[in-house]
Amino acid sequence: MKTLITALVVATTFAVSASAQDMAYVVNDDDYTIEKSLTGVPGDAGAGQAAFVGRKKGNCLACHAVEQLKDSQLFHGEVGPDLSDVGNSYSAEELRLRIVDYKVINDDVIMPAFFRSTGLSNVGKKFKDKTILSAQEVEDIIAYLLTLKS
Amino acid sequence: MKLFLVGLAALGLSLGAAQAQDIDWTKVTLEGFEVPLAYENEDGDLIRSGFTFRTPGTQAMQEDDFANPAFWRVDEGEIAWSTPEGSEGKSCADCHGDAAESMATVGTEYPKVDAESGELLALEHRINKCRTENMGAEAYKWESQGMLTMTVYVRHQSRGKPVNVAVDGPAAPFFEEGKALYNKRVGQLDMACKHCHEDYYGNYIRADFLSQGQSNGFPTYRQKWGKVGSIHRRIRGCMGNIRGAKYPYGSHENTVLELYIAHRGKGLPVETPAVRN
């Protein structure tokens, strides 16, 4: 796993096989982005919100608070930064890398890599060789995050 | 910011957390305890029992033995202690006498290396060794009623005394294994124990208020379980939450992890049976 990450950081651009379905994406480590959409299908912000809060999906709310969702009766965590203004701070390309695999940026981060199924150990049977989110769910969440501006 | 939390349970939690931050737990000692619920180690880190992270309501259930929903096991265990079982017709008391004396510090010392076999034994392993080798009785299943009652009873004899596991000499390789596992990313979520219990304790992860994941209260009564459970059950629960393959009850992995966790909380008082949410 370490070698994969070092390889990613050393090379300028790099193609990685991201999941069992052989989804390839390219990390640009000059500016920490993934330029190209994972699916080519525009993200749906509504579906993205559902995947963002869903405990069996991103469960992003477990760690990140979002002001815009404060009336939702859901618990918001405080492990990661507040994302209420994330649409102003990051581009789609920057968000894509952070959701796909934050460990490229910070190898000690607690935040899971949501679109990587390789380099993991002791994965439970049900989850083996699967990414946490599908490619389209990643795109949907990006679309949702871009709406968050306070 | 706890403003987002809604509902009664959530309110209780956030109030508990706010209060917990205001209390100097290094000055708080429960009735009959020799050592306080927290202390500062050589590195200047505050080592805190899980008790100090819980709501006043949960704490109150533990503080009063009559309110503690697991306390009946102490009485039940006392009976089991002197009840003969197995082909040898012996009870624990026949070999060990009064548990208040013979077991006075045992609960602070496990997991411990067995001098004979060189294996690392959890208290459960040791009890089953006595049952099969000395009593001619059947081994208890790890998480069975009989085992939970006996481990609660035995460890309760050390309540209030500081955890004092050995991690040097023959225990050293087991300690290193446990430490490596504790810091190893596992599961689909690719997290290590240390991410939640060292990096982010004192923070909410969704509705859960993260503690340091200490083991001084085990076997612990957990409201979510509605009964007591072993430390191996708790570790398996956390493994499941990070979508990892759970190590089996009584496995080497769980036992070396148990040793490492005990050492992290060395000096905290045994609280068995503790109450957590």
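The structure displayed is predicted, hence computed values, not measured ones. (Residues numbered from 1 in each chain as written. Chains lettered and ligands numbered in written order. Predicted model: local features only at pLDDT ≥ 70, side-chain atom pairs only at ≥ 80, totals over all residues. Heavy atoms only, no water.)

Peer 1: Could you clarify how one ought to interpret helix α4 (residues 92-101) of chain A in this entry?
Peer 2: Residue and element names in this part refer to chain A. The buried fraction of α4 is high, at eight of 10 residues. Of the residues making up α4, those classed as buried are Ala92, Leu95, Arg96, Leu97, Arg98, Ile99, Val100 and Asp101. Against the buried residues of α4 lie β2 (24-28), α3 (86-89) and α5 (135-146). (Buried < 20%, exposed > 50% of the residue type's maximum accessible area, 1.4 Å probe, protein only. Helix = DSSP H or I, 4+ residues; strand = E, 2+ residues; numbered from the N terminus. Contact = heavy atoms within 4.5 Å.)

Peer 1: For this particular structure, what's the right way to read the layout of surface pockets?
Peer 2: Picture a little ball the size of a water molecule; that probe, rolled over the atoms, points out where space is still empty. Residues and elements named next belong to chain B. Counted as a void, the second largest pocket has a volume near 460 Å³. What lines the second largest pocket is a set of 18 residues, and nearest its centre among them are Asn41, Asp43, Ile47, His263 and Arg264. If you list the elements that add at least two residues to the lining of the second largest pocket, you get β2 (46-48), α9 (172-182), α10 (193-199) and α12 (252-264). Counting residues per element, the lining of the second largest pocket draws most heavily on α12, which supplies three residues. Its residues placed into classes, the lining of the second largest pocket shows six nonpolar, five polar and seven charged. (1 Å grid on protein atoms, 1.4 Å probe; cavity = no way out; pocket = protein on both sides within 12 Å on 5 of 7 lines; lining within 4 Å. Points joined across faces, edges and corners; volume = space filled by probe spheres on them. Nonpolar A, V, L, I, M, F, W, Y, C, P; charged D, E, K, R; others polar.)

Peer 1: Explain the nonpolar core to me, please; I cannot follow it from the model alone.
Peer 2: Note on soluble globular proteins: their nonpolar side chains tend to be buried together. Judged by nonpolar contacts, the single largest core of 63 residues is most densely connected at A:Phe52, A:Val66, A:Ile99, A:Val138, A:Ile141 and A:Leu145. Elements supplying a minimum of two residues to this core: β2, α2 (45-53), α4 and α5 of chain A together with α9, α11 (231-241) and α12 of chain B. A:Leu145 has contacts with A:Phe52, A:Leu83, A:Val86, A:Gly87, A:Leu95 and A:Ile99, leaving out every residue within four places of it along the chain. Judged by nonpolar contacts, the second largest core, of 22 residues, contains B:Val74, B:Ala99, B:Val106 and B:Met150. (Core = buried A, V, L, I, M, F, W, Y, C linked by side-chain atoms within 4.5 Å.)

Peer 1: How do you make sense of the sheet that holds strand β8 (residues 227-229) of chain B when you look at a structure like this?
Peer 2: As a general point, the strands of a sheet are linked pairwise by backbone hydrogen bonds and lie either parallel or antiparallel. All names here are of chain B. Strand order in the open sheet made by the three strands is β8-β7-β9, with mixed pairing throughout. Strand pairing shows two members of the sheet lacking a second neighbour, β8 and β9 (274-276), which therefore form its edges. Going across the sheet, the axis of each strand differs from the next one's by a mean of 40°, ignoring polarity. Inspection of the sheet shows strand β7 (residues 220-222) paired to β8 by three bridges, in the antiparallel sense. Across the sheet, residue Thr220 finds its bridge partner in β8, namely Gly229. (Pairing = 2+ DSSP bridges. Axes fitted to C-alpha atoms, helices over the stretch in contact; angles between N-to-C directions.)

Peer 1: I would appreciate a short explanation of the state of the cysteines in the present structure.
Peer 2: What makes a disulfide is a covalent bond joining the sulfur atoms belonging to two cysteines. Scanning the model with the defined rule gives zero disulfides over all chains in all. With no disulfide partner, A:Cys60 has as its closest neighbouring cysteine sulfur the one in A:Cys63, 8.8 Å distant. Judged by its relative accessible area of 12%, A:Cys60 falls in the buried class. For the unlinked cysteine B:Cys92, the closest cysteine sulfur is that of B:Cys130, found at 7.4 Å. (Disulfide = S-S within 2.5 Å.)

Peer 1: Got a minute to help me understand the interface of chain A and chain B in this structure?
Peer 2: Interfaces are often described in size by the accessible area the parts lose on coming together. Across the contact, 35 residues belong to chain A and 31 residues belong to chain B. Interface area lost by chain A to chain B is led by A:Phe75, A:Glu78 and A:Ile110, which between them contribute 26%. Counting every contact that joins chain A to chain B gives three salt bridges. A salt bridge links B:Lys194 to A:Asp108; the nearest nitrogen and oxygen atoms lie 2.9 Å apart. Put simply, chain A and chain B have 16 residue pairs in polar contact (both at pLDDT 80 or more) between them. (Buried area = accessible area lost by both parts, 1.4 Å probe. Salt bridge = Lys/Arg side-chain N within 4 Å of Asp/Glu carboxyl O. Polar contact = N/O pair within 3.5 Å; in protein donor to acceptor, adjacent residues only side chain to side chain.)

Peer 1: Would you mind going over the environment of B:Gly97 with me for this structure?
Peer 2: Residue and element names in this part refer to chain B. Mapped onto the elements of the fold, Gly97 is located in the loop between α4 (92-96) and α5 (99-102). The partly exposed category is assigned to Gly97, whose relative accessible area is 34%. The contacts of Gly97, once residues within four sequence positions are left out, are Trp81 and Cys92.

Peer 1: Please clarify how a positive patch on the surface should be interpreted in this entry.
Peer 2: Taken together, the side chains of A:Lys56, A:Lys126, A:Lys130 and B:Lys246 define a basic patch exposed on the protein surface. Residue B:Lys246 is classed as partly exposed on the basis of its relative accessible area, which comes to 46%. (Patch = residues over 30% accessible without salt bridge, like charges linked within 9 Å, V, L, I, M, F, W, Y side chains within 5 Å. Areas by Shrake-Rupley, 256 points an atom, 1.4 Å probe, with all protein chains shown as cover. Lys, Arg positive; Asp, Glu negative; His and termini not counted. Charge placed at Lys NZ, Arg CZ, Asp CG, Glu CD.)

Peer 1: Just to check I follow, could you spell out the packing of α9(B) against α12(B) for this structure?
Peer 2: Each pair of packed helices can be described by the angle between their axes along with the distance between the axes. Residue and element names in this part refer to chain B. Where α9 meets α12, the axes come as close as 7 Å, and the angle between the chain directions of the two elements is 90°. Classified by the angle between their axes, α9 and α12 sit roughly perpendicular to one another. Here α9 contributes Phe174, Phe175, Glu177, Gly178, Lys179, Leu181 and Tyr182 to the contact with α12, which in turn contributes His252, Glu253, Val256, Leu257, Leu259, Tyr260, Ile261, His263 and Arg264. (Parallel < 35°, antiparallel > 145°, perpendicular 65-115°, else oblique.)

Peer 1: Would you mind showing me how to read the pattern of salt bridges here?
Peer 2: Where charged atoms from two side chains of opposite charge approach closely, those side chains can pair. Taken as a whole, this structure holds 16 salt bridges over all chains when the rule is applied. Residue B:Lys27 pairs with B:Asp24 through a salt bridge whose shortest N-O separation is 3.0 Å. Across the pair B:Asp114 and B:Lys129 runs a salt bridge whose closest N-O atoms are separated by 3.6 Å. Taken as a pair, B:Asp114 in the loop between β3 (112-113) and β4 (120-121) and B:Lys129 in helix α7 (residues 123-135) lie far apart in primary sequence, 15 residues in all. Residue B:Lys129 is classed as buried on the basis of its relative accessible area of 14%. Salt bridges here are not isolated pairs; linked through shared partners, they connect A:Asp101, A:Lys103, A:Arg116 and B:Asp190.

Peer 1: I'm lost on the domain arrangement of chain B in this one. Help?
Peer 2: All names here are of chain B. Taken domain by domain, chain B holds domain 1 (2-68 + 162-276) and domain 2 (72-156). With centres defined by C-alpha atoms, the gap from domain 1 to domain 2 works out at 24 Å. On the domain 2 side, the residues contacting the 27 residues of domain 1 number 23 residues. Both faces combined, the contact of domain 1 with domain 2 buries some 1,900 Å², and carbon together with sulfur accounts for 65% of it. At the surface where domain 1 touches domain 2, the tally comes to seven residue pairs in polar contact (both at pLDDT 80 or more). When residues of the side of domain 1 that touches domain 2 are traced back to their parent elements, those giving at least two are β8, α11 and α12. For the side of domain 1 that touches domain 2, the per-class residue count stands at 14 nonpolar, 10 polar and three charged. (Domains from an automatic or database assignment.)

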